[in-house]
Structure formats: C-alpha cells, structure tokens
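One-letter residues, chain by chain:
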Amino acid sequence: MPELPEVETTVRILRPKVLGMNLLALQALDPALAPVAKLLPLPQPVQGLTRRGKYILFQLSEKLLVVHLRMSGRLAWHEKEPIPDHTRLILAFPHGAVLFIDPRRLGTVEVQDGFSEELGPDALGDLSFLEEALKESRAPIKVWLLDQRNIAGLGNIYAAEALFLAGIDPRRRASSLSPQEVSKLKAAIHQVLHEALAAMGTTLFDKTYRTPVGEAGDYEPRVYGREGLPCKVCGTPIERIELGGRGTYFCPHCQK
DNA sequence: TCATCCCTGTGG
DNA sequence: CCACAGGGATGA
C-alpha cells in the first residue's frame, strides 16, 4: 500500500501528536512482535518522527524504533474507539496511542541504535544524480525505479505514474534514456509525488490505505490499475504487463 | 537478474 | 478455485 506520499502523510499527521511525548509502553498483539516490546527500554520521550524512503523513524531518547508498512500496514492514531482488527502493536502514550495495523503481517517494526538501511537518495530531493546513475543500469527503467537502493520512496503506483507523465515506456533500459528524457523523468517524479502528497496519498478500491486519523487519500492514478480503460490523454486502452514480477500499467501510445 | 517466499484478504 | 495485491529479502 504505502509509498512515499502515504508514509510522509502518516508522519506529518502523527508528528504533532507524539513529538515530545513520553512513549510509555509497547503492547504486542502479534506474538511475532513480542521481541520488539521486550527490547525497548521504556518510558522514553519521542524526540523526532521522520521518514527515510518508506521507513518511519520514531527517534526516542535512547533508541530508534523503525517501522516499515510494506504492503498492507498502516499507523493509526487512537484515543478511545475499540481496537480495530489486525492491530499488531500498540504504542501507548499518556493521551492516546499509535496503532500498527497490518492484515498481511508483512510490515516490520525494529529497535535499532542508528538507521542502517541501504537507501538511495530520497525521491523528493535533488534528482540530478539520475543523469549518471541511469547510465549504469541495463534494467528496465521501471524496475530500476522500484529498487530502493537506487532511489528511495517510489513504489509500484508512482513509478508507473511518473513514467506515464514523462512519456517513457516502462520496459526501456535505464541506460537508454536520453538526457532530455531523464530531465522529463525527474520533473515527472516530483510532480507525481507532490500531487499525491497534496491528496494525502492514494486509496484504491480495496480501501486499505487510510491516514492515521482515518481519511482516504484522493490521488487518482492516471494509469495504475486502469487496464483496458482509455488513456486520459489519448484514449488508447491502458495496458498491463509484468515487469520484475510486478503488474505494470502504461499507455502504449503516450509512452515510447 | 530472476524466481520464490513472506502472509492474508478480496474479487473474479 | 485461482489470480492478484501498494514491498522487499533471499538464494540460485
């Protein structure tokens, strides 16, 4: 579910609620997360809540609590309602709680001393590195964009959306892009991410993604999930292929 | 660079 | 019943 815009939205909403607050206790409702609850000495105040790629970092006074939502995870702010289904972990604060909800249980929560994941530059930041980096890879551009070691934050939706906006066929080798196409791609990545941030992310038909306070995201994909539907620009039916094991949507007319 | 796996839910 | 799902680690 969550890519950069959804993760960033989650952090922006939760930050003012937890910043400076004392994390009192962790309660693992999923046995797999019991070790985390044991590893973390509490209470500890939250000194920062930040995002790195798609990772969420609770910067506590002594340790780092690192959350990755993977496919179906979300964080919710909870005050008094009943605990929802699929809640895996409860972070208890004096005035409420953060819930880690994850039906498929693919998400991760770890206690670390320092963030050590191998991530490329953030997709929201300066993308001038793409010029050189793309030259070195023969992978399909869409597969390259999904590899977090190359660029951090894009997922299956926004990689497809950015390539559509840039007019680039997702099957093209990364190294085959002209300087002009790389420029278009850089602009397209930023445009798509800023649009999605303004919309607070994307909630698809399955409705699994919600912000921490329960709102749906309003971003409407141009190609993602629209197989057979007319391209919003030229009317050609959107195609779905498989690339790197993931469903890939594109307009065969607009993307060359 | 690929297939496979993790795990569960939903929809055709 | 099978196909598919927003992500990523792993081993061949």
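Placed above this text is the structure.
These lines cover the structure that appears in this document, whether it is placed above or below. Here the structure is a predicted model, which means the values were calculated and not measured.

Right, let's get into the overall build of chain A. Scanning chain A from terminus to terminus reveals 6 helices and 11 strands. In chain A, 61% of the contacts between residues at least 6 apart in sequence involve partners at least 24 apart. Counting only carbon and sulfur atoms, one obtains 51% of the accessible surface of chain A, whose full area is about 11,700 Å². The positive charge centre, built from 31 side chains, and the negative charge centre, built from 30, are 3 Å apart in chain A.

Once that is clear, we can look at helix α6 (residues 179–198). One full turn of an α-helix is made of 3.6 residues, so residues set three or four places apart face in the same direction. Taking 1.5 Å as the rise per residue, α6 with 20 residues should run 28 Å; its terminal C-alpha atoms sit 29 Å apart, in good agreement. Taken together, the buried positions of α6 are occupied by E181, V182, L185, K186, A188, I189, V192, L193, A196 and L197. All buried residues of α6 project into a common sector of 165° when viewed along the axis, lining one side. Opposite the buried face of α6, at more than 90 degrees from it, the exposed residues are P179, Q180 and A198. Those residues of α6 that are buried lie in contact with α1 (4–18), α3 (130–135), α4 (141–146) and α5 (156–166).

Here we come to the packing of α1 against α6. How two helices sit against one another is set out by the angle between their axes and by the gap between those axes. One can describe the packing of α1 onto α6 by two numbers: an axis separation of 9 Å at closest approach and a directional angle of 40°. Taken together, the axes of α1 and α6 are oblique relative to one another. In terms of crossing hand, the pair formed by α1 and α6 is right-handed. Of the residues in α6, those in contact with L4, P5, E8, T9 and R12 of α1 are L193, A196 and L197. A per-class count over the contact of α1 with α6 returns 5 nonpolar, 1 polar and 2 charged.

Attention shifts here to the sheet that holds strand β3 (residues 44–52). An order of β1-β3-β4-β5-β9 is seen for the 5 strands of this open sheet, with the pairing classed as antiparallel. Each end of this open sheet is capped by a strand with a single partner; those strands are β1 (22–23) and β9 (108–112). Pairing of strand β4 (residues 55–60) with strand β5 (residues 64–68) involves 5 bridges; the strand directions are antiparallel. Looking at β5, one finds that L57 is bridged to V66. Where α1 meets the sheet, its contacts fall on β3 and β4, and the angle it forms with β3 comes to roughly 160°.

L134, I141, L145, L185 and I189 are the most contacted members of the largest nonpolar core, which has 29 residues in total. Take this core: its biggest share by element is 7 residues, from α6. Setting aside anything within four residues of it in sequence, one finds L134 in contact with I141, W144, A174, S175, L177, V182 and L185. In terms of nonpolar packing, the next biggest core, distinct from the first, is built from 25 residues, V7, L40, I56 and W77 among them.

In terms of burial, α5 is largely enclosed, as 10 of its 11 residues are buried. Along α5, the residues that are buried comprise N156, I157, Y158, A159, A160, E161, A162, L163, F164 and A166. Lining the buried residues of α5 we find α1, α4, α6 and β11 (246–250). Note on α5: the residue one or two positions beyond its end, G167, has a positive phi of about 70°.

What counts as what
- Residues numbered from 1 in each chain as written.
- Chains lettered and ligands numbered in written order.
- Predicted model: local features only at pLDDT ≥ 70, side-chain atom pairs only at ≥ 80, totals over all residues.
- Heavy atoms only, no water.
- Helix = DSSP H or I, 4+ residues; strand = E, 2+ residues; numbered from the N terminus.
- Contact = heavy atoms within 4.5 Å.
- Areas by Shrake-Rupley, 256 points an atom, 1.4 Å probe, with all protein chains shown as cover.
- Lys, Arg positive; Asp, Glu negative; His and termini not counted.
- Charge placed at Lys NZ, Arg CZ, Asp CG, Glu CD.
- Expected span 1.5 Å × (residues − 1).
- Buried < 20%, exposed > 50% of the residue type's maximum accessible area, 1.4 Å probe, protein only.
- Arc of directions from axis to C-beta.
- Axes fitted to C-alpha atoms, helices over the stretch in contact; angles between N-to-C directions.
- Parallel < 35°, antiparallel > 145°, perpendicular 65-115°, else oblique.
- Left-handed = near helix turned anticlockwise from the far one by under 90°.
- Nonpolar A, V, L, I, M, F, W, Y, C, P; charged D, E, K, R; others polar.
- Pairing = 2+ DSSP bridges.
- Core = buried A, V, L, I, M, F, W, Y, C linked by side-chain atoms within 4.5 Å.

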